[in-house]
Structures are given as C-alpha cells and as structure tokens.
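Residue-level listing of the chains:
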Amino acid sequence: MGKKQINKIGISISLTLFLLALTQKSYCTSNNCADSLLNFLLGWIGALMDGGQIVEYILETIGGNNPTFNTKIGASISWIANPLIFTSMIFLNKKTKLALILSTLSLVLILSFLFFDSVLATEAGHYFKIKKLKFGYWLWFSSSITIVITAYLNLKSKNNLQQHL
C-alpha cells in the first residue's frame, strides 16, 4: 500500500472518529456532562486561561518568589491537541517525521487529561471535579492515535522504499 493510500485511509478514519466525538459527551463533573462540540468550540479559552496560570507560576518561580501552584489547573491545556491533530494531517504527505512528532504530542496532551482531577468549567474561573470520562473522550483519543499510526506507517514505508533503491 502506497503512502497516499495510507494517508487517505488514516485521515478518513481519524476525521470520522473526531467528528463522531463531537456528537458525544466527553466527561462528567459533579455538575453535568460536557458536550464535546462545546468543548471543541470553547476549549481554547480554558487552554489560554490554564496556560496563562502555568506561565505566571513559572515566571514567579524564576523571579525568586515562592508561588503556590494551583493544582486544579491544567486539564484544559489538553485542548491544544486539536490543532496539533489537524496540523499533523497537513504534514503527513511532505514532512512525515514532523507529522509523527506533532501527532504524538497531541496524543500525549489527550492522555494528560487523565491525570487531572478538575477542569475549568465556567468563564468565571470555576473548576469542577472530573467524575467520569465519556465516549466522546475515547473517540477523540482514537482519532489522535489513528494519525500517530498513519504517520508511523508512512515513515516506515518511506524507509523501506529508500532501502530498496
């Protein structure tokens, strides 16, 4: 199977899984279960807020202060996996190694969500405890791992082709 066929199949499966994920609930808190589509559309706000708090903590630490780290922050940073998934799809054809790195990073960010107890749930900065992961999360994870596998297969097929030349 050629690189273009691998890409076409991998991207089709990944996009299908991603779009299916958007129709499902992604996780539940003590308050409610979150819609994946809403998370996708507004998650960048949480990623910016959490990212800003992490940067502030690092800068204060570098500045010699002894800040207290807010252990609730971080889960929203997983949202950054979304642009990484799509960017890796773009690079699959010409920059396979970069696609593999970006897709692996997206997978790591998605998996990082598993290690957080709370998620930013309101624009006012309220966090709610994550109680349960739902099917949308696992479809999102599957979408990312599909691109990792596709990039790996591309790289492997490219290396095999070069060995035979």
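To be clear, the structure that these remarks concern was listed above.
Heads up: these notes are all about the structure in this document. All of these numbers come straight from a predicted model, not from anything done at the bench.

Reading guide: rules and limits
Residues numbered from 1 in each chain as written. Predicted model: local features only at pLDDT ≥ 70, side-chain atom pairs only at ≥ 80, totals over all residues. Heavy atoms only, no water. Pairing = 2+ DSSP bridges. Helix = DSSP H or I, 4+ residues; strand = E, 2+ residues; numbered from the N terminus. Axes fitted to C-alpha atoms, helices over the stretch in contact; angles between N-to-C directions. Contact = heavy atoms within 4.5 Å. Phe/Tyr/Trp six-rings, centres within 6.5 Å; stacked < 30°, edge-to-face > 60°. Buried < 20%, exposed > 50% of the residue type's maximum accessible area, 1.4 Å probe, protein only. Parallel < 35°, antiparallel > 145°, perpendicular 65-115°, else oblique. Left-handed = near helix turned anticlockwise from the far one by under 90°.

## Examining the sheet that holds strand β1 (residues 25–29)
Remark on secondary structure: sheet strands pair via backbone hydrogen bonds, oriented parallel or antiparallel.
Next up, step 1: Strand order in the open sheet made by the four strands is β2-β1-β4-β3, with antiparallel pairing throughout. On the outer flanks of this sheet lie β2 (33–35) and β3 (118–120), each paired with one strand and no other. Across the sheet, the mean angle from the axis of one strand to that of its neighbour is 50°, orientation sign disregarded.
Next up, step 2: In the packing of helix α2 (residues 36–62) onto the sheet, the strands contacted are β1, β2, β3 and β4 (127–133), and the crossing angle to β2 comes to about 105°.

## Comments concerning the packing of aromatic side chains
Next up, step 1: Going through the model one piece at a time under the given rule, you end up with seven aromatic pairs.
Next up, step 2: Look at Tyr-27 and Phe-113: their rings are 5.4 Å apart centre to centre, the planes differ by 45°, and that puts the pair in the tilted class. Of this pair, Tyr-27 sits in strand β1 while Phe-113 sits in the loop between α4 (96–112) and β3, and the two are 86 residues apart along the sequence.
Next up, step 3: For Tyr-27, a relative accessible area of 9% corresponds to the buried category.
Next up, step 4: What makes Phe-113 buried here is its relative accessible area of 7%.

## Quick notes on the packing of helix α1 (residues 3–21) against helix α3 (residues 81–91)
Next up, step 1: Here α1 crosses α3 at 160°, and the two axes come no closer than 11 Å. Between α1 and α3, the angle falls in the class roughly antiparallel. For α1 against α3, the interelement crossing comes out left-handed. On the side of α1, the interface is formed by Ile-11, Ser-14, Leu-15 and Phe-18, while α3 contributes Asn-82, Ile-85, Phe-86 and Met-89.

## Details of the pairing of β4
Next up, step 1: Bridge count between β1 and β4: three bridges; the pairing is antiparallel. Directly across from Cys-28, in β4, lies its bridge partner Lys-132.
Next up, step 2: Here three bridges tie β3 to β4, and the two strands are oriented antiparallel to one another. Bridge pairing in β4 links Leu-120 to Tyr-127.
Next up, step 3: The turn linking β3 back onto β4 is made up of six residues, and Gly-125 within it adopts a positive phi angle of 90°.

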